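For reference, the chains in residue letters:
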Amino acid sequence: MKDLTIWCTYHKDEQIEQFGLLEDNVMRLFKGNDTGIEGENINHLNPFYSEIVTLYYVWKNGIQSRRVGFCHYRRRFGRIADVEPGACQVLAINRNCHVFGHYKGAHNYQDFYDAVDILNERYGECNKYSRYMLEGRTFIPFCSFVMMWEDFERLCLFLFPILEAFDRKNGLDMQPERYMQKALRDFRYDNVMYQRRAVSFLAERLISCFLTCEMKVFCVNEI
């Protein structure tokens, strides 16, 4: 098993040269909207799930390394620490951000409430995850992290059942057309092409939730 793999998501071929993306013995490039890729994937939902499709692909296909990390073409790690079990290196930690208030001011907060309802259904009323989502003031952005493979599996077992329940709750059936229809309903007077990534915005908060509640998180430069 490899010691470390960092998966870097990109979406356009020109981004490889534009951002100097290179594969080596650590870095793996993953084109998130490549629907012809072999293995179990949700790349057809890339316009809505963004870099979350990479996490899904690595997890579902069991592409293991002792440590595994994720970043994307615009945001990458400069130095990788030798994380221990239960620890996680991230790109940034914002310790002065009301998680719900920040989301409500930028996105459809009814989606956020859907996620909280799902957490309450799975973990009971007033569980630590729901409390974080509604009251938390530490936000870990960018869906970029490095952790042990076993911790990554724990994260995926937390994250993806919630996203799948959100899909069912909104009758989306993992179909791009239905995700786009929802975006057009929710943001008909807003930037639909940006706001259609609602699931990725939710996932960013849910990943932050798991990291804050379950892991020891650190980074080089905090914001």
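Counting from 1, residues in each chain are numbered in the order their sequence is written. Where local features are concerned, this predicted model is filtered to residues with pLDDT of at least 70; where side-chain atom pairs are given and counted, the filter is 80 or more; whole-chain, interface and lining totals use all residues. Computation of side-chain values: all heavy atoms of the structure, hydrogens and water removed.

### Some remarks on the pairing of strand β3 (residues 65–72)
Quick note on the threshold: For the exposure calls, accessible area comes from a 1.4 Å probe over protein chains only, and a residue counts as buried if that area is under 20% of its type's maximum, exposed if over 50%, partly exposed in between. Secondary structure elements follow DSSP: runs of H or I no shorter than four residues count as helices, runs of E no shorter than two count as strands, and numbering proceeds from the N terminus. Two strands qualify as a pair provided DSSP detects at least 2 bridges between them.
Counting buried positions along β3 gives 7 out of 8 residues, so the element sits mostly inside the fold. Inspection of the sheet shows strand β1 (residues 2–10) paired to β3 by 7 bridges, in the parallel sense. By the bridge assignment for β3, Thr5 is matched with Val68. Two elements, β3 and strand β5 (residues 145–148), share 4 bridges in a ladder whose sense is antiparallel. Residue Gly69 lies in a different strand from β5, and its bridge partner there is Val146.

### With respect to the sheet that holds β1
This is how it is decided: Under this scheme, a helix contributes an axis fitted over its contacting stretch, all axes are lines through C-alpha atoms, and angles between N-to-C directions fall in the 0 to 180 degree range. Residues are treated as being in contact if the distance between any of their heavy atoms lies within 4.5 Å.
Read across the open sheet, the 6 strands follow the order β2-β1-β3-β5-β4-β6; overall the sheet is mixed. The sheet is open, and its two edges are formed by β2 (27–31) and β6 (216–218), each paired on a single side. When the angles between neighbouring strand axes are averaged without regard to direction, this sheet yields 20°. In this structure, β1 lies alongside β2, joined through 5 bridges in parallel fashion. Among the inter-strand pairings, Tyr10 is bridged to a residue of β2, identified as Lys31. Contacts between helix α7 (residues 149–169) and the sheet are confined to β3, β4 (87–90) and β5, with β5 contributing the most and set at about 110° to the helix.

### A look at the side chain of Ser200
Residue placement: Ser200 occurs in helix α10 (residues 198–214). Overall, Ser200 belongs to the buried group, its relative accessible area being 4%. When near neighbours in sequence (up to four residues on either side) are disregarded, Ser200 contacts Phe48, Tyr49, Ser50 and Ile52.

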